[in-house]
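Observations on chain architecture
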Amino acid sequence: SSGINSEYAEFQTFQHYFKQINLSMSLFPSLKAIKGICILDNDGKRVVSKYYDTDDETFASVKDQQQFEAKVFKATEKANSEIVAINSYTAVYRSNVDLFFYVIGDSRENELILLSVLNALYDSISMILRKNVEKRALFENMDSVLLICDELVDRGILMECDATNIVNRVHVKTEDIPLSEQTVSQVSYDILKSFNWLSQS
């Protein structure tokens, strides 16, 4: 019986050890650090958005996403801080002229990681737009902006934080795209403008 008791004690120790491991792992940030990236105009309307956790009910549908964006915009429109907490999420942001740039992560996520993604996003777009970071210029270069997002984050995983590297890769990819495809964003912009969906300069 002493042998059985010894084995049972070892099993309990083993079980306790793995419970502690699971608890510790739950405290670490997920590899998929980024919940979403979005750019809104100064009215809170969506310009660009990419969400990487559609299993999360907050981002499950376009309607859910836009409701979340409305909350984020309301919380940041006149805020002085570059970091805000929205429900169980952390949003970091910066604004320029008529655009608001957001990176969203879990509330437990390291804010420095989120800020590094935000800075890489903004700096890459600024380089592509030659520092003319405003809505009209962004629409005219939408294909490059979307490529920047893809180079920056893949399925919620941070891939690159160096703006120069991101822009170089985007330039290589846009050079490989046929001219007929490169002009799609420009055509889309002209259509939007004709319907007065963009503010006139």
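For the structure, check the block above.
What comes next is a walk through the structure. Here the structure is a predicted model, which means the values were calculated and not measured. (Residues numbered from 1 in each chain as written. Predicted model: local features only at pLDDT ≥ 70, side-chain atom pairs only at ≥ 80, totals over all residues. Heavy atoms only, no water.)

This paragraph deals with the overall build of the protein chain. When helices and strands are counted, the protein chain shows eight helices and seven strands. Taken over 201 residues, the protein chain has a buried fraction of 38%. Contacts in the protein chain between residues at least 24 apart in sequence constitute 55% of all its contacts with a sequence separation of at least 6. When the accessible surface of the protein chain is totalled, it reaches about 12100 Å², and 51% of it is carbon and sulfur. (Helix = DSSP H or I, 4+ residues; strand = E, 2+ residues; numbered from the N terminus. Buried < 20%, exposed > 50% of the residue type's maximum accessible area, 1.4 Å probe, protein only. Contact = heavy atoms within 4.5 Å. Areas by Shrake-Rupley, 256 points an atom, 1.4 Å probe, with all protein chains shown as cover.)

Think of a pair of aromatic rings as described by two things: how far the centres are apart, and how the planes are tilted against each other in angle. Inspection of the entire model under this criterion finds eight aromatic pairs. Here the aromatic rings of Phe59 and Phe68 are separated by 5.2 Å at their centres, their planes lie at 80 degrees, and the arrangement is edge-to-face. For Phe68, a relative accessible area of 3% corresponds to the buried category. Three or more aromatic residues joined by ring pairs form one cluster here, namely Tyr51, Phe59, Phe68 and Tyr89. (Phe/Tyr/Trp six-rings, centres within 6.5 Å; stacked < 30°, edge-to-face > 60°.)

Turning to the sheet that holds strand β3 (residues 83–86), a few remarks are in order. Read from one edge to the other, the open sheet built from five strands follows the order β2-β1-β5-β4-β3, with strand pairing classed as antiparallel. Each edge of the open sheet is held by one strand with a lone partner, namely β2 (46–51) and β3. Strand-to-strand, the axes of this sheet are offset by a mean angle of 20 degrees, without reference to chain direction. Direction of pairing for strand β1 (residues 34–41) relative to strand β5 (residues 99–106): antiparallel, over a ladder of seven bridges. Residue pairing in the sheet places Cys38 in a bridge with Tyr102 of β5. Contacting β1, β2, β3, β4 (89–96) and β5, helix α2 (residues 62–76) runs over the sheet at an angle of about 115 degrees to β2. Packing against the sheet, helix α3 (residues 111–128) makes contact with β1, β3, β4 and β5, and its axis sits at approximately 30 degrees to β4. (Pairing = 2+ DSSP bridges. Axes fitted to C-alpha atoms, helices over the stretch in contact; angles between N-to-C directions.)

Its 18 residues place the ends of α3 26 Å apart at the C-alpha level, agreeing with the 26 Å of an ideal helix rising 1.5 Å per residue. Among all positions in α3, only Leu114, Leu115, Val117, Leu118, Ala120, Leu121, Tyr122, Ser124, Ile125, Ser126 and Ile128 are buried. At the N-terminal end of α3, a side-chain oxygen is found 2.8 Å from the backbone nitrogen of Leu112, two or three residues along, and the residue is Asn110. The first or second residue beyond α3 is Arg130, which carries a positive phi of 55 degrees. (Expected span 1.5 Å × (residues − 1). Polar contact = N/O pair within 3.5 Å; in protein donor to acceptor, adjacent residues only side chain to side chain.)

Attention now moves to the pairing of β2. The sheet contact formed by β1 and β2 spans five bridges and is antiparallel. Note that in β2 the partner of Ile37 across the bridge is Lys50. Where β1 folds back onto β2 in an antiparallel hairpin, the turn is made up of four residues, including Gly44, whose phi is positive at roughly 85 degrees.

Quick look at the pattern of salt bridges now. Counted according to the given criterion, the structure contains 10 salt bridges. Note that Asp56 is salt-bridged to Lys35, the shortest N-O span being 3.7 Å. Separated by 21 residues along the polypeptide, Asp56 in the loop between β2 and α2 and Lys35 in strand β1 bring together distant segments of the chain. One exposure class covers both Asp56 and Lys35, and it is buried. With a closest N to O distance of 3.2 Å, Asp150 and Lys50 form a salt bridge. Of this pair, Asp150 sits in helix α5 (residues 142–152) while Lys50 sits in strand β2, and the two are 100 residues apart along the sequence. (Salt bridge = Lys/Arg side-chain N within 4 Å of Asp/Glu carboxyl O.)

Before going further, it helps to examine the pairing of β3. The alternating pattern of β3 places Val84 and Ile86 on a buried face and Ile83 and Ala85 on a face that is not buried. Of the pairings in the sheet, the one linking β3 to β4 comprises four bridges and is antiparallel in character. Bridging across to β4, Ala85 finds its partner in Thr90. Hairpin connection, β3 to β4: the antiparallel pair is bridged by two residues, and Asn87 has positive phi, about 55 degrees.

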